Amino acid sequence: MNTPATLLSVRNLTMRFGGLTAIDDLSLEVPAGKITGIIGPNGAGKTTLFNCLTGFYKPTTGTLRLAHPTRGEMLLEKLPSHRVARDAQVVRTFQNIRLFPKMTVLENLIVAQHNVLQRASMFSIAGLFKLPGYRAAERKAVERAAMWLERLKLTHLADDAAGDLPYGIQRRIEIARALCVDPVLLCLDEPAAGLNPRESAELNELLLYLCGELGIAILLIEHDMSVVMNVSDHIGVISYGRKIAEGTPESVRNNPEVIKAYLGEDEEEEAMGGAAA
Amino acid sequence: MSAIVFARHAMTPTERLRDAGWVAFVGLILGVPLIGLTTVDVGGRLGVETRFGLLLAAVAAVFAGRLLLRWSIDNMRNRKLARDRVSTATAADRAHGAQRVVNVLGWIALGASIALPIVYSDNRYVVDIATTVLIYVMLGWGLNVVVGLAGLLDLGYVAFYAVGAYSYALLSTQYGWGFWEALPVSGALAASFGILLGYPILRLRGDYLAIVTLGFGEIIRVILVNWTEFSGGPNGISSIPRPSFFGLEFTRSAPEGGHSFASFFGLEFSAMHRLIFLYYLILVLALLTHAFVSRLRKLPVGRAWEALREDEIACKAMGMNTTNIKLSAFAIGAMLGGFAGVFFAARQGFISPESFTFTESAIILAIVVLGGMGSQMGVVLAATLLVLIPEFGRNFAEYRMLLFGAAMVLIMVWKPGGLLSHREPTVRLKPLQRSKPAAAGTEVAQ
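Sequence order as written defines the numbering, with residues in each chain counted from 1. Think of it this way: whatever chain is written first is A, whatever ligand is written first is 1, and the rest follow in order. Predicted model: local features are reported for residues with pLDDT of at least 70 only, side-chain atom pairs are reported and counted for 80 or more only, and whole-chain, interface and lining totals are derived from all residues.

## Here's the deal with the overall build of chain A
Under the scheme used here, helices are H or I runs from DSSP no shorter than 4 residues and strands are E runs no shorter than 2 residues, and both carry numbers assigned from the N terminus. When helices and strands are counted, chain A shows 12 helices and 10 strands. We compute the radius of gyration from the C-alpha atoms alone; for a globule the expected value is 2.2 Å times N to the 0.38, where N is the number of residues. Whereas a compact globule of 277 residues would reach a radius of gyration of roughly 19 Å, chain A reaches 20 Å, a difference of no more than 12%. Viewed in the frame of its principal axes, chain A has a C-alpha envelope of about 65 × 40 × 40 Å. Counting other C-beta atoms within 10 Å of each residue's C-beta, where C-beta atoms are placed from the backbone, gives the exposure class: buried for 20 or more, exposed for 12 or fewer, partly exposed between. Counting across all 277 residues of chain A, residues that qualify as buried make up 45%. A residue pair is marked as a contact if its C-beta atoms, positioned from the backbone, fall within 7 Å. In chain A, 67% of the contacts between residues at least 6 apart in sequence involve partners at least 24 apart.

As structure tokens, this is what we get:
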């Protein structure tokens, strides 16, 4: 592959809300075609990092440089949120699922292809008269959506309203919808939250497939260690807005700094401590 | 209050008694000064008389009424639950059934609206009311784009109606434009006002948006009232030319060297000709609006409107430019309102700012909400109801509006999602079984 080794480099990122510093001088590299995990205790600034990355917040200082494989270098902090997804192809999911609940699953996935379809419909004129060019584009969009539905085992639910489906399935739909935007970097905010162990295992498989077969770089915020430790090539640990460690899952797991801030004595102990509290 | 009356959970008999007791107690407290005590004239002085018998009767009536109300609400809910449990139909079947009901209703409405002026060809009152219904249907469909599809609460929709009406009135009386020339121009003008309103309020949602649109509606009205040289002020604009039938005027006597509608077709002149023509004109305009909006709903822009209503942040995360989506909703909604305004001016022949008060906006919004947000057929039903109820209520004289309000409350209690709250998907992966080919959505997937 001739893609550059680093897809996204976060340099000296700081985000302040009034007196509160949510992210404090954070630097991080996200390699292309790899899965990067971000972990840290609650309130560490993980979701704030995502919000800065995807244009929902304007960082106080710092740069977010994306080396897009085909469109050249982009500074994400300068783009409004819809252009981060449309032009930079950095697409995110949300910690508290944000589907279009009254629309069907298929419609959710077609809406994600809005920009392609809107261009094909030529300000709706070609669409209003059902010109062949637009109809072909729409058929392609449906096929693409159907392909992702098939791959995420959602085909039988395609025509159901997304908001009526169980939580775990809604999580899958949100990932499928993000994939329909055609991301080069997929940012997943706690995709395993609320999933049972079997669903988590399926998620692992999916993430490895997306990254291994399709070469989509993934940035993953997750509390479920069985997911992060198993799939991540590289993990960054954040605590109080600062990066306290970075490296392979193995090195992070054994880093005393991380253990002190987050994991407790070791994983089993932490789980028991959590139960006792 | 409504929270108490329509509490969500079912009640046990004791709870129901206690509830009725409390309500009767409130009734008693209110009743003592209102019913229990009354003043009488005792030889030129004011005396107080007690009417505790009457008060007791009133409190008993409140108690019984409350019991009955609670009992019937619970009973209805239980029956509905039982029905739901018994029916083995899948969600898809039910949706399919609902869609079929809507389709059948639509064809019936279309047939009835075409036949109506033929049946009532000499009843001016009926044709007039039907025309009014159709104007509201068209306005409802226009506002449905903004409120029902895009989810942007607009309380000043009447402003665009006014822009359309005044554009036609001024273009025709000042510059001699005909109806068909003025129609697209006035629509475009209303659309630009829509964008004008849209820009400053892009970042607002919900209540805040509603307040600003309310203000906008008032600004337009106040300008029309006060800018006398431009709009004629409170006197309005009169003798607005009526639309002609392909150049044939609806006049008693034919113009020099030409024909009027009646003389051309060899008919005896009747004032009804014009009314029936106007009726069919608004019917055609409304049907075009319907075709346009239904088609748009299935296009990317329509799906984007619905997505915007569902979750604006998710829209942005999907790379959608929400600014353009909102502005397009405002522009298209305003344009349709403008078309309706042009027709209104042409039909009335006289317009004044009085026709464009906040009450109009409220009624149009009520039509959209009562009909079921985003439902095209629901708008037709609600518009018919909201125009007809006050008409039928004429016998009740001053209690007319009370009846109107009560009807609205009852509909919303009975159907909180509106009369027709079923939403038909814009595209399906699998066409429905056992169905007639249902519109354009199915053919895409084949």
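## Focus on the sheet that holds strand β4 (residues 61–68) of chain A
Hydrogen bonds between backbone atoms are what pair the strands of a sheet, whose relative direction is either parallel or antiparallel. Residue and element names in this part refer to chain A. The four strands lie next to each other as β2-β1-β4-β5, forming an open sheet whose pairing is antiparallel. In this open sheet, the two strands that pair with only one neighbour each are β2 (20–31) and β5 (72–75). Across the sheet, the mean angle separating the axes of adjacent strands is 15° when strand polarity is ignored. Here, strands pair whenever DSSP counts at least two bridges between them. Here four bridges tie β4 to β5, and the two strands are oriented antiparallel to one another. Among the inter-strand pairings, histidine 68 is bridged to a residue of β5, identified as glycine 72. Geometry is summarised by axes, namely lines fitted to C-alpha atoms with helices restricted to the contacting stretch, and by angles between N-to-C directions that run from 0 to 180 degrees.

## Describing helix α5 (residues 124–149) of chain B
Residues and elements named next belong to chain B. The span you would expect from a helix comes to 1.5 Å times its residue count less one. Its 26 residues place the ends of α5 36 Å apart at the C-alpha level, agreeing with the 38 Å of an ideal helix rising 1.5 Å per residue. Axes are fitted to the seven residues ending at a residue and to the seven starting at it; the angle between these axes is taken as the bend at that residue. Of all bends in α5, the biggest is about 45°, found at leucine 143. Taken across its 26 residues, α5 has 19 buried, putting it largely inside the fold. Just downstream of α5 lies glycine 151, where phi reads positive at about 70°.

## Quick notes on the interface of chain B and chain A
Listed by partner, the interface residues are 31 residues for chain B and 34 residues for chain A. Breaking the side of chain B that touches chain A down by element, the ones donating at least two residues are α4 (91–119), α11 (271–297), α12 (300–310), α13 (312–317) and α18 (439–445) of chain B. For the side of chain B that touches chain A, the element with the most residues is α12(B), which contributes seven residues.

## Considerations on the environment of A:Ala192
Residues and elements named next belong to chain A. Relative to the helices and strands, alanine 192 resides in the loop between β7 (185–189) and α8 (197–212). Sequence spacing of alanine 192 and arginine 253 is 61 residues, and the spatial spacing of their C-alpha atoms is 20 Å. The residues touching alanine 192, leaving out its near neighbours within four places in the chain, are Ser200, Leu203, Glu222, Asp224 and Val227.

## Let's talk about the domain arrangement of chain B
Note that domain bounds follow an automatic or database assignment of domains. Domains assigned within chain B are domain 1 (2–77) and domain 2 (95–414). Between the C-alpha centres of domain 1 of chain B and domain 2 of chain B the distance comes to 44 Å.

## Let's talk about the packing of α12(B) against helix α14 (residues 322–348) of chain B
All names here are of chain B. Contact geometry for α12 and α14: axes closest at 10 Å, N-to-C directions at 105°. The orientation of α12 relative to α14 falls into the category roughly perpendicular. Contact residues: α12 offers Val301, Ala304, Trp305 and Leu308, while α14 offers Thr322, Ile325, Lys326, Ser328 and Ala329. The residue makeup of the contact of α12 with α14, split by class, is six nonpolar, two polar and one charged. Our angle categories are set so that under 35 degrees counts as roughly parallel, over 145 as roughly antiparallel, 65 to 115 as roughly perpendicular, and the remainder as oblique. Residues were grouped as follows: Ala, Val, Leu, Ile, Met, Phe, Trp, Tyr, Cys and Pro as nonpolar; Asp, Glu, Lys and Arg as charged; and all remaining residues, including Gly, as polar.

## Topic: unusual backbone geometry
All names here are of chain A. A positive phi angle, near 55°, is found at lysine 153, a position not held by glycine. Mapped onto the elements, lysine 153 comes out in the loop between α6 (132–151) and α7 (167–180). Taking the C-beta count within 10 Å as the criterion, lysine 153 has 12 such neighbours and is therefore assigned exposed. Of note, tyrosine 240 is a non-glycine position whose phi angle comes to about 45°, a positive value. Note that tyrosine 240 resides in the loop between β9 (234–239) and β10 (242–247). Given 15 C-beta atoms within 10 Å, tyrosine 240 falls into the partly exposed group.

## As for the confidence of the model for chain B
Residues and elements named next belong to chain B. Within a predicted model, pLDDT stands for the predictor's per-residue confidence, ranging from 0 to 100. In the predicted model, chain B carries a mean pLDDT of 86, and the fraction of residues at 70 or more is 92%. Across residues 1–6 the pLDDT falls below 50, and counting only partners more than four positions away or on other chains, this stretch makes one contact in the model. This stretch, residues 434–446, has a pLDDT under 50; its non-local contacts, to residues over four places away or in other chains, come to 22 contacts. Of the two predicted TM-score estimates for the complex, the pTM is 0.81 and the ipTM is 0.88.

## A closer look at the packing of helix α6 (residues 158–175) of chain B against helix α7 (residues 179–198) of chain B
Residue and element names in this part refer to chain B. In contact at an axis separation of 9 Å, α6 and α7 are set at 140° when each is read in the N-to-C sense. Taken together, the axes of α6 and α7 are oblique relative to one another. For the crossing formed where α6 meets α7, the hand is right-handed. Together, Ala159, Phe160, Val163, Gly164, Ser167, Tyr168, Leu171 and Ser172 of α6 and Ala182, Val185, Ser186, Gly187, Leu189, Ala190, Phe193 and Gly194 of α7 make up the contact between the two elements. Class assignment for the residues of the contact of α6 with α7 results in 10 nonpolar, six polar and no charged. Take the far helix as the reference: if the near one is turned anticlockwise from it by less than a right angle, the crossing is left-handed, and if turned clockwise, right-handed.

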